[in-house]
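Architecture and fold: a report
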Amino acid sequence: MPMVEASGVHKRFGRTEVLRGVDLTVQPGEVCCVIGPSGSGKSTLLRCINHLERIDAGRMRVAGELIGYRESGGKLHELRESEIARKRQDIGMVFQRFNLFPHRTALENVIEAPVTVRRVPKAQARRRAVELLDRVGLADRRDAYPAQLSGGQQQRVAIARALAMHPRLMLFDEPTSALDPELVGEVLDVMRGLAADGMTMVVVTHEMGFAREVGDALVFMDEGRIVEAGAPRTVLADPQHERTRAFLSKVL
Amino acid sequence: MAAPTDGTSRPAREDTGAAPVPITAVPVRHPGRWLAVAVLAVLAAMAVNTVLTNERFGWDVVAEYLFSEPILNGLRNTLVLTALSMLIGIVGGIALAVMRQSPNPILSSAAAGYIWLFRGTPLIAQLLFWNFLSALYPRLSLGIPFGPEFVSVDTNVLITQFAACLLGLGLNEAAYMAEIVRGGLLSVDPGQNEAAGALGMSRAQTLRRIILPQAMRVIIPPTGNETISMLKTSSLVVVIGYFELLTSAQRISNQNFQVIPLLIVAAVWYLALTSILTVGQGFLERRYGRGLTPERTGPALFPRKAAP
């Protein structure tokens, strides 16, 4: 069963159609990178996967289950907020602007959701958080507040925070776009490690090098549609579509 | 997984061996500042002199009444009224602000209507209304709407003068606090909501654990304002025959005609209370400024225990 299965997904904001029928399948353990010009709908697609945005048409399934809806008797029923929240627990998300909780230390950021949502005992959550911070190379910064961390460190805490919920799927929304160039590498290193551990990941990114090395699949989006998809090396080296070629010639 | 290398190390600055030469420059002179200081110092000396030497200030009367029983009773009422009405105001304000932000249009317009009504009518009118509620409804009952009643009480028994004061001050304050809290909630980055939602936190959990603590930083200063203002606004309860600090002082001066000394007595107490509240506000601001204000490098008042 695919981890993510989008079929005919449409999304509009007011009169602008941001997604115009997107089909996407991500298998478990796969790393799928999504590239495209700004405004192509790639971030919106990512946000539809965990129902931060509600889709207007089509179906979005994660691990075989519809997101945001329940289907019974041939009819769609909207899920209650608590049910949506439960589904989101299994989907980790990392944002472009980190969105760490600024009033909590790095460690407190990581234990927040396990303790309040999953009711994990605090001591146990703490142990796991220390492990996770160690894994992203920030064991010594656990008592720092986000404002005292560099952008790269903040993003690594944000990854640890998402991992603390034991997600089956991780969504990355341009995780390195807000970083100074010299800090990009440390975040990509962590993501590379995650991929090597077999995490299923959907990554919206401008890092073509990362997409080529780590990605199992590459998707090029433009104007709300998937224009071209395939193995990263093939797409990057030999794009079939005119728009893909035009885009790649600007960024490579 | 391999831990990433920390990209923060830099090559040390090359040491040339020569100590930097400190700048010695003639500082800019500020004659205007010195002139202003001189003028203000003279004015201050004049003010202190006249306050101390003008016998009509009646400092002996001030001293006589400052800790007198009627004044202390009034002070106690001021404190109780302020504390309880602010409690009603803050709790009610948070509830109204959350309702106002609710996606449910009924809740949000109910809150908007409440705020419109209670901000839009004079506080004195509201105090009088609660006090004379029995004229409108001699008895208050609990029961099924349009159905049988279970309990019924005389309005004047339920709503005492003190209760009318609290209802008037507290419910009015809630309307103002609602807008202050709403401003605080709006000041929090929407990304915080998304991050909490993506972690599977419910709306209530997000509000309580993530949004409100960050909003507090914006909510506290105007709330301090409201509390200090309430100290003095509570003197309006005189219109329904209740008494507090200012009323007590005026009652005394109505008898001994020492108007100014007794106003000073009241003013001294108000100043003292305001000073205490200001200090308390500072503590609260530091508490909720954790991680949000950049001044954590100095010595902390409550140092956090360093991790082992």
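All values derive from a computational prediction rather than experimental measurement.

So, on to the overall build of chain B. Across its full length, chain B holds 12 helices and two strands. Written out in order from the N terminus, the α and β elements of chain B read α-α-α-α-α-α-β-β-α-α-α-α-α-α. Taking all 308 residues of chain B together, 33% fall into the buried category. In the structure as shown, chain B presents an accessible area of about 19,200 Å², 66% of it carried by carbon and sulfur atoms.

Here we take up the interface of chain B and chain A. Taken together, the contact between chain B and chain A spans 33 residues of the former and 43 residues of the latter. When the two sides are added together, the surface that chain B and chain A hide from each other amounts to roughly 3,100 Å², 55% of it contributed by carbon and sulfur. Viewed at the interface, chain A and chain B are joined by two salt bridges. Among the salt bridges present, the one from Arg47 of chain A reaches Glu194 of chain B, with a minimum N-O distance of 2.6 Å. At the boundary of chain B with chain A, the tally comes to seven residue pairs in polar contact (both at pLDDT 80 or more). Looking at the side of chain B that touches chain A, the elements with two or more residues in it are α9 (190-198) and α10 (203-233) of chain B.

UniProt records the feature "domain: ABC transmembrane type-1" (unreviewed entry) for residues 75-281 of chain B in the present numbering. Taken end to end, residues 75-281 of chain B is 78% helix and 5% strand, and its first and last C-alpha atoms sit 21 Å apart.

What follows concerns the sheet that holds strand β4 (residues 57-62) of chain A. Residue and element names in this part refer to chain A. Ordered in space as β2-β1-β4-β5, the four strands form an open sheet in which the pairing is antiparallel. The open sheet has two edge strands, β2 (16-26) and β5 (65-66), and neither has a second partner. With eight bridges connecting them, strand β1 (residues 4-13) and β2 associate as antiparallel partners. If you follow Arg12 over to β2, its bridge partner there is Glu17. On the sheet, helix α1 (residues 42-49) packs against β1, β2 and β4 and is oriented at approximately 60 degrees with respect to β2.

Right, let's get into unusual backbone geometry. If you check the backbone angles, Asn99 of chain A has positive phi at about 55 degrees while not being a glycine. Mapped onto the elements of the fold, Asn99 of chain A is located in the loop between β8 (91-94) and α3 (106-116).

Residue placement: Tyr145 of chain A occurs in the loop between α4 (122-135) and α5 (151-163). Distance in space between the C-alpha atoms of Tyr145 of chain A and Val227 of chain A is 42 Å, their sequence separation being 82 residues.

Here we take up the confidence of the model for chain B. All names here are of chain B. Taken over all residues, the pLDDT of chain B has a mean of 89, while the share at 70 or more is 89%. When pLDDT is averaged over each element of chain B, helix α4 (residues 105-120) comes out on top at 97 and helix α7 (residues 155-158) at the bottom at 84. Counting interchain partners and residues more than four positions distant, the pLDDT-below-50 stretch residues 6-10 has four contacts. Below pLDDT 50 for its whole length, residues 296-303 participates in seven contacts with residues either more than four positions away or in separate chains.

Glancing now at a nonpolar patch on the surface. Together, Leu35, Val39, Leu40, Val42, Leu43 and Met46 of chain B make up a nonpolar patch on the protein surface, roughly 610 Å² of accessible area in all. Note on placement: Leu40 of chain B falls in helix α1 (residues 31-53).

Turning our eyes to something else, we now look at the UniProt feature "transmembrane region" (unreviewed entry) in chain B. All names here are of chain B. Sequence positions flagged by UniProt for "transmembrane region" (unreviewed entry) are, in local numbering, residues 34-52, 79-99, 111-137, 157-176 and 259-280. With 100% helix and 0% strand, residues 79-99 has its two end C-alpha atoms placed 30 Å apart. A distance of 29 Å separates the end C-alpha atoms of residues 157-176, which is 90% helix and 0% strand.

Moving on to the pattern of salt bridges. Under the criterion given, the structure shown has 20 salt bridges over all chains. Across the pair Arg61 of chain A and Glu71 of chain A runs a salt bridge, and its minimum N-O distance is 3.7 Å. Remark: Glu71 of chain A occurs in strand β6 (residues 69-72) and Arg61 of chain A occurs in strand β4; sequence separation between them is 10 residues. Close ionic contact of Arg245 of chain A with Glu242 of chain A constitutes a salt bridge, the shortest N to O distance being 3.6 Å. Taken together, the residues Arg245 of chain A and Glu242 of chain A, both in helix α9 (residues 242-251) and three residues apart, mark about one turn of the helix. You can call Arg245 of chain A partly exposed: its relative accessible area is 40%. The structure contains a network of salt bridges with shared partners spanning Arg47 and Glu53 of chain A together with Glu194 of chain B.

Residues and elements named next belong to chain A. With mixed pairing, six strands are arranged side by side in an open sheet as β8-β9-β10-β3-β11-β12. Here the strands that pair on one side only, and so sit at the sheet edges, are β8 and β12 (225-230). Across the sheet, the axes of successive neighbouring strands diverge by a mean angle of 15 degrees, strand direction being ignored. As judged from the five bridges shared by strand β11 (residues 217-222) and β12, these two strands associate in the antiparallel manner. Pairing of Met221 across the sheet is with Ile226, part of β12. With respect to the sheet, helix α6 (residues 181-196) is in contact with β3 (31-35), β9 (169-173) and β10 (200-204), its orientation differing from that of β10 by roughly 145 degrees.

A separate point is the packing of α9 of chain B against α10 of chain B. All names here are of chain B. Contact pair α9 / α10: the axes reach a minimum separation of 10 Å and the direction vectors enclose 160 degrees. As far as their axial angle goes, α10 and α9 are roughly antiparallel. Judged by the sense of rotation from one axis to the other, the crossing of α9 with α10 is right-handed. Where α9 abuts α10, its residues Gln192, Asn193 and Ala196 lie against Thr206, Ile210, Ile211 and Gln214. Across the contact of α9 with α10, the residue classes break down as three nonpolar, four polar and no charged.

Here we take up the layout of surface pockets. What the largest pocket holds in volume is close to 780 Å³. Forming the boundary of the largest pocket are 24 residues, of which Glu81 of chain A together with Asn193, Arg203, Thr206 and Ile211 of chain B lie nearest the centre. Elements represented by at least two residues in the lining of the largest pocket include exactly α2 (81-88) of chain A together with α3 (69-101), α8 (161-187), α9 and α10 of chain B. Looking at the lining of the largest pocket residue by residue, the classes come out as 13 nonpolar, six polar and five charged.

Further remarks concern the packing of aromatic side chains. The final tally for this structure, using the stated rule, is seven aromatic pairs over all chains. Seen from their ring centres, Phe220 of chain A and Phe247 of chain A are 5.2 Å apart, and the 40 degrees between their planes marks the pair as tilted. Placement of Phe220 of chain A in strand β11 and of Phe247 of chain A in helix α9 is noted, with a sequence separation of 27 residues between them. With centroids separated by 6.0 Å and ring planes inclined at 40 degrees, the aromatic side chains of Tyr242 of chain B and Phe243 of chain B adopt a geometry described as tilted. When its relative accessible area of 23% is taken as the criterion, Phe243 of chain B is described as partly exposed. Chaining the aromatic ring pairs together yields one cluster made of Phe162, Tyr242 and Phe243 of chain B. Taking the ring centre of Phe98 of chain A as reference, the NZ or CZ of Arg97 of chain A above it sits at 6.0 Å. Between Arg161 of chain A and the ring centre of Phe101 of chain A, over which it is positioned, the NZ or CZ distance is 4.5 Å.

The rules behind each value
- Residues numbered from 1 in each chain as written.
- Chains lettered and ligands numbered in written order.
- Predicted model: local features only at pLDDT ≥ 70, side-chain atom pairs only at ≥ 80, totals over all residues.
- Heavy atoms only, no water.
- Helix = DSSP H or I, 4+ residues; strand = E, 2+ residues; numbered from the N terminus.
- Buried < 20%, exposed > 50% of the residue type's maximum accessible area, 1.4 Å probe, protein only.
- Areas by Shrake-Rupley, 256 points an atom, 1.4 Å probe, with all protein chains shown as cover.
- Contact = heavy atoms within 4.5 Å.
- Buried area = accessible area lost by both parts, 1.4 Å probe.
- Salt bridge = Lys/Arg side-chain N within 4 Å of Asp/Glu carboxyl O.
- Polar contact = N/O pair within 3.5 Å; in protein donor to acceptor, adjacent residues only side chain to side chain.
- UniProt positions renumbered as here; feature names shortened; annotations may be inferred.
- Pairing = 2+ DSSP bridges.
- Axes fitted to C-alpha atoms, helices over the stretch in contact; angles between N-to-C directions.
- pLDDT = per-residue confidence, 0-100.
- Patch = residues over 30% accessible without salt bridge, like charges linked within 9 Å, V, L, I, M, F, W, Y side chains within 5 Å.
- Parallel < 35°, antiparallel > 145°, perpendicular 65-115°, else oblique.
- Left-handed = near helix turned anticlockwise from the far one by under 90°.
- Nonpolar A, V, L, I, M, F, W, Y, C, P; charged D, E, K, R; others polar.
- 1 Å grid on protein atoms, 1.4 Å probe; cavity = no way out; pocket = protein on both sides within 12 Å on 5 of 7 lines; lining within 4 Å.
- Points joined across faces, edges and corners; volume = space filled by probe spheres on them.
- Phe/Tyr/Trp six-rings, centres within 6.5 Å; stacked < 30°, edge-to-face > 60°.
- Lys NZ or Arg CZ within 6 Å of the ring centre and 35° of its normal.

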